[in-house]
Amino acid sequence: MDDDATVSAADIARLAGVGRAAVSNWRRRYPDFPPPVGGTASSPLFGLSAVAGWFRARGKKFELSAGERAWQRLRALGDDLDLAERVSRAGAFFAFQAGIFETFDSLLDDPELLTLLSEMTHRAGPLESFELLCRRYFEAHSRRLSATPEPVAELMARLAGPVSAILDPACGFGALALASGAKTVLGQDSDPMTASIATLRLRLRGIEAEVYAVDALREDAFAGRTAEAVLCDPPFNERAWGHDELVGDARWEYGLPPRGEPELAWVQHCLAHVEPGGPVAILMPGAAAGRRSGKRIRGNLLRAGAVRAVVTLTSVGPDLWLLRRPVPGQRPPSTVLLAEAGADLSTVDELWREFREHPESGVRIIDLLDDDVDLTPARRRGRDEDLGQAFQAVRGRFAGLAPQLPPLEAVDTEPAFTTIGELVKAGVLEVRHAARADAEHPSAEAGDVVASVTGIAYVHSGPSEPVGAGLTVYRVDPDRLDADFLAGCLRAADLPAASASTRIDGRRVRVPLVAIDVQREYGEVFRRLAEFDAVLRETAETGRELVRLGFAGLVEGRLTPGRQGNGC
């Protein structure tokens, strides 16, 4: 057994066949339970050999299969930041064993790991072996990875119908492609390792996969090509999606997406890549159905008959938009389905079936083409059916906010601080500023921190691109300074807004002096806070709808003041 391998409390619970609470009890009850050898106070890591020895000494069940040993060895071979690459290389080994690849990249040359991977192949076969490593990787990085939930992926595939070829322009690890059952998959993902893992998962199943590791909006790898259906779970609320460089793009058939509406860019990208009459199933943030900035495009989509349904899946989750590329010369439909799934996603299948059989049961498109062009299912349901239920559905979105906040604890000590200026002098980071609109703007590379003078800061992902005027690019040495940690410090600085003649120097921003592993822990919390902030901004629009529904329902006599505790 690898003496360097470490396991988390969740790993120990899984290997022992118990819950997480049991591991916590063992740590409290038994003084000789192996102490942590790494990790953090909230997420400790334990030596695998020591834990296995502790279980054996007590005669407790602790099974360590070849797959588990391979996973632990894979993690022990390097930093977790490079784990996806090692998982991908393991997948390439399995593909070689399955005869898919003629040669194997020898960069994965650890003899112990190769022996374990071979044993896995012999026992479970290449596909199941790779899926085990993928599951462990997804579990280990569940907070960082955004994957389409399996029930939602299966629902989207069912509603799109059985097809032999699909396109997924934001394919991630291939969840939608796998759910579709298609024999041919065209995909893109901006992260090279994610695209590689998706390709391997598909090809090990005998699926013909063509996946490119580039951002689909900025670099359309399938320009001019179409598929029978398009399934997509795109990233939400991206600030830098390429608006300026994509003005005039042929994909914007229904209008140039506003800078703050990247989701409507994804909708049009999907429609551009499906055959005439072909279906598109795409997940969208709830606010996209009613934002005023997107009403012109929503109106054009409705007039063309491209939008067929908008379904709210859960009270705090995304909406599912079902679209259809118009067939030239064919009369557009006159109704659209606006609905809410409730607790059971299977109800969506029935709603969609009934609407297709009886389209007159839907909402008339002409009634939606008002000053708002609002496709929010809760609002429409409030008008046409039960306003009280609609009020509760919107209110339910707020109930799911609190669990998304990361846990934080108060401490009495204050860390030592340095400044960004001192870090620059030490060579830990470089600072590049875009001072004026007519000046040459620095480019942001993946992993750079981009910040404004108002304290807004984020870590850039995707291809290199110039930043706008008034923005600053911070390029960090990742071995000495965590980018998410720095972005959080910049946001905490609450810099004042600059006037046209004033340049704010962020070099005075204070940064806690903590080790790189602590920075990464803080960075993860900063990321979660930033994600929570994005949800709050989106929920603010939902909140305004909640107020509108409340006032309208009370005045119109369709709502009444509820008793305390009855949910109204």
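Quick note: structure is the one above.
The written sequence of each chain sets the order in which its residues are numbered from 1. Reporting in this predicted model follows two pLDDT cut-offs: at least 70 for local features of residues, and 80 or more for side-chain atom pairs to be given and counted; totals over whole chains, interfaces and linings ignore these cut-offs and use all residues. The side-chain figures draw on all heavy atoms in the structure; neither hydrogens nor water molecules are used.

Participant: If you had to explain the overall build of the protein to someone new, which residues and values would you point to?
Facilitator: What counts as a helix is a DSSP run of H or I of at least four residues, what counts as a strand is a run of E of at least two, and both are numbered from the N terminus. Across its full length, the protein holds 19 helices and 20 strands. Relative accessibility under 20% of the residue-type maximum defines a buried residue, over 50% an exposed one, and the middle range a partly exposed one, all with a 1.4 Å probe and only protein chains included. Put simply, the protein has 568 residues, and 45% of those count as buried. For the protein, the share of sequence-separated contacts (at least 6 apart) that also reach a separation of at least 24 residues comes to 69%. Surface exposure here means Shrake-Rupley accessible area, sampled with a 1.4 Å probe, where a residue is shielded only by the protein chains that are shown. In the structure as shown, the protein presents an accessible area of about 27700 Å², 51% of it carried by carbon and sulfur atoms. Any two residues having at least one pair of non-hydrogen atoms within 4.5 Å are treated as being in contact.

Participant: Give me the lowdown on the sheet that holds strand β2 (residues 36-39), citing residues and values where you can.
Facilitator: Read across the sheet, 3 strands follow the order β1-β3-β2 without closing on themselves; strand pairing throughout is antiparallel. The open sheet has two edge strands with one neighbour each: β1 (6-8) and β2. If you compare each strand with its neighbour and ignore which way they point, the axes differ by 45 degrees on average. Across 3 bridges, β2 lies against strand β3 (residues 44-47) in antiparallel orientation. The residue bridging Gly38 from the neighbouring strand is Leu45, located in β3. Strand pairing is assigned whenever DSSP detects at least two bridges linking the two strands. Only C-alpha atoms enter the line fits that serve as axes; for helices the fit covers just the stretch in contact. Angles between N-to-C directions range over 0 to 180 degrees.

Participant: An account of the sheet that holds strand β12 (residues 363-364) is requested, with residue identities and associated values reported.
Facilitator: In space, the 9 strands of this open sheet follow the order β6-β5-β4-β7-β8-β10-β9-β11-β12, with mixed pairing throughout. Of all strands in the sheet, those bounded by a partner on one side alone are β6 (208-212) and β12. In this sheet, strand β5 (residues 184-188) lies alongside strand β4 (residues 165-168) in parallel orientation, the contact comprising 4 bridges. Bridged to Ala165 within β5 is Thr184. Lying over the sheet, helix α10 (residues 192-203) contacts β5 and β6, oriented at roughly 175 degrees with respect to β6. Along the sheet, helix α13 (residues 346-357) contacts β9 (307-312), β10 (319-324) and β11 (335-340); its crossing angle with β11, the most-contacted strand, is approximately 160 degrees.

Participant: So what's going on with the pairing of β3? Which residues, and what values?
Facilitator: For a regular strand, the rule is simple: side chains alternate between the two faces of the sheet. Direction of pairing for β1 relative to β3: antiparallel, over a ladder of 3 bridges. Looking at the pairing, Val7 lines up with Phe46 of β3.

Participant: Give a description of α13 that names residues and reports values.
Facilitator: End to end, α13 covers 17 Å across 12 residues, agreeing with the expected 16 Å (1.5 Å per residue, within 8%). Here α13 has its buried residues at Val348, Trp352 and Phe355. Here the buried residues of α13 occupy an arc of 65 degrees about the axis, which is enough to place them on one side. Check the buried side of α13 and you find it contacts α8 (150-160), β9, β10 and β11. The length a helix should cover is 1.5 Å for every residue beyond the first. The arc in question is the one traced by the directions running from the helix axis out to the C-beta atoms.

Participant: Quick one: what's the story with the packing of aromatic side chains, residue by residue and with numbers?
Facilitator: Only Phe, Tyr and Trp rings are paired, with Trp represented by its six-membered ring, and only when their centres lie within 6.5 Å; those with planes under 30 degrees apart are stacked, over 60 edge-to-face, the remainder tilted. Summed over the entire model, instances satisfying the criterion amount to 17 aromatic pairs. Judged by centre distance (6.3 Å) and plane angle (75 degrees), the rings of Phe485 and Tyr522 are edge-to-face. Separated by 37 residues along the polypeptide, Phe485 in helix α18 (residues 483-492) and Tyr522 in helix α19 (residues 516-556) bring together distant segments of the chain. Classification of Phe485 as buried rests on a relative accessible area of 1%. On the basis of relative accessible area, Tyr522 is assigned to the partly exposed category, the value being 43%. Ring pairing ties together the aromatic residues Trp26, Tyr30, Phe33, Phe46, Trp54 and Phe55, which thus form one cluster. When the NZ atom of lysine or the CZ atom of arginine is within 6 Å of a ring's centre and also within 35 degrees of its normal, the charge is said to sit over that ring. Stacked on the ring of Tyr30, the Lys or Arg Arg58 has its end atom at 5.5 Å from the ring centre. Looking at Arg510, its charged tip hangs above the ring of Phe417, at a distance of 3.9 Å from the centre.

Participant: Lay out unusual backbone geometry in plain terms, naming residues and giving numbers.
Facilitator: Although it is not a glycine, Asn237 sits at a positive phi angle of roughly 55 degrees. If you check the backbone angles, Val373 has positive phi at about 45 degrees while not being a glycine. As for its position among the elements, Val373 is in the loop between α14 (365-368) and α15 (377-384).

Participant: Can you explain the side chain of Asp484? Please cite residues and give values.
Facilitator: With respect to the helices and strands, Asp484 occurs in helix α18. Leaving out residues up to four positions away in the same chain, Asp484 has contacts with Val459, Gly523, Phe526 and Arg527.

Participant: I'd like a description of the pairing of strand β7 (residues 229-232), backed by residues and values.
Facilitator: Burial of β7 is two-sided: the residues Ala229 and Leu231 facing one way and the residues Val230 and Cys232 facing the other way are all buried. Both β7 and strand β8 (residues 279-284) contribute to a ladder of 3 bridges, which runs parallel. From the neighbouring strand, Leu231 faces β8, where its bridge partner is Ala281. For the handedness criterion, the strands are oriented away from the viewer, and a crossover whose path from the first strand over the helix to the second runs clockwise is classed as right-handed. For the segment spanning β7, helix α11 (residues 262-272) and β8, crossover handedness is right-handed.

Participant: If you had to explain the packing of helix α5 (residues 83-97) against helix α7 (residues 126-140) to someone new, which residues and values would you point to?
Facilitator: Relative orientation of the contacting elements α5 and α7 amounts to 175 degrees, with a least axis distance of 9 Å. With respect to each other, α5 and α7 are oriented roughly antiparallel. Contacts between α5 and α7 pair Leu83, Ala84, Val87, Ala90, Gly91 and Phe94 from the former with Pro126, Ser129, Phe130, Leu133 and Tyr137 from the latter. Here the contact of α5 with α7 is composed, by residue class, of 9 nonpolar, 2 polar and no charged. Roughly parallel here means an angle under 35 degrees, roughly antiparallel means over 145, roughly perpendicular means 65 to 115, and every remaining angle is called oblique. Throughout, the ten residues Ala, Val, Leu, Ile, Met, Phe, Trp, Tyr, Cys and Pro are labelled nonpolar, Asp, Glu, Lys and Arg are labelled charged, and all others, Gly among them, are labelled polar.

Participant: Summarise the pattern of salt bridges; cite the residues concerned and give the values.
Facilitator: For this document, the term salt bridge refers to a Lys or Arg side-chain nitrogen within 4 Å of an Asp or Glu carboxyl oxygen. Tallying each qualifying case throughout the model produces 32 salt bridges. For Arg201, the salt bridge identified is with Glu131, shortest N-O distance 2.9 Å. On the criterion of sequence distance, the pair formed by Arg201 in helix α10 and Glu131 in helix α7 is long-range, its members being 70 residues apart. Several salt bridges share partner residues, and in doing so they unite Asp11, Arg14, Glu68, Arg75, Asp80, Arg136 and Glu139 into one network.

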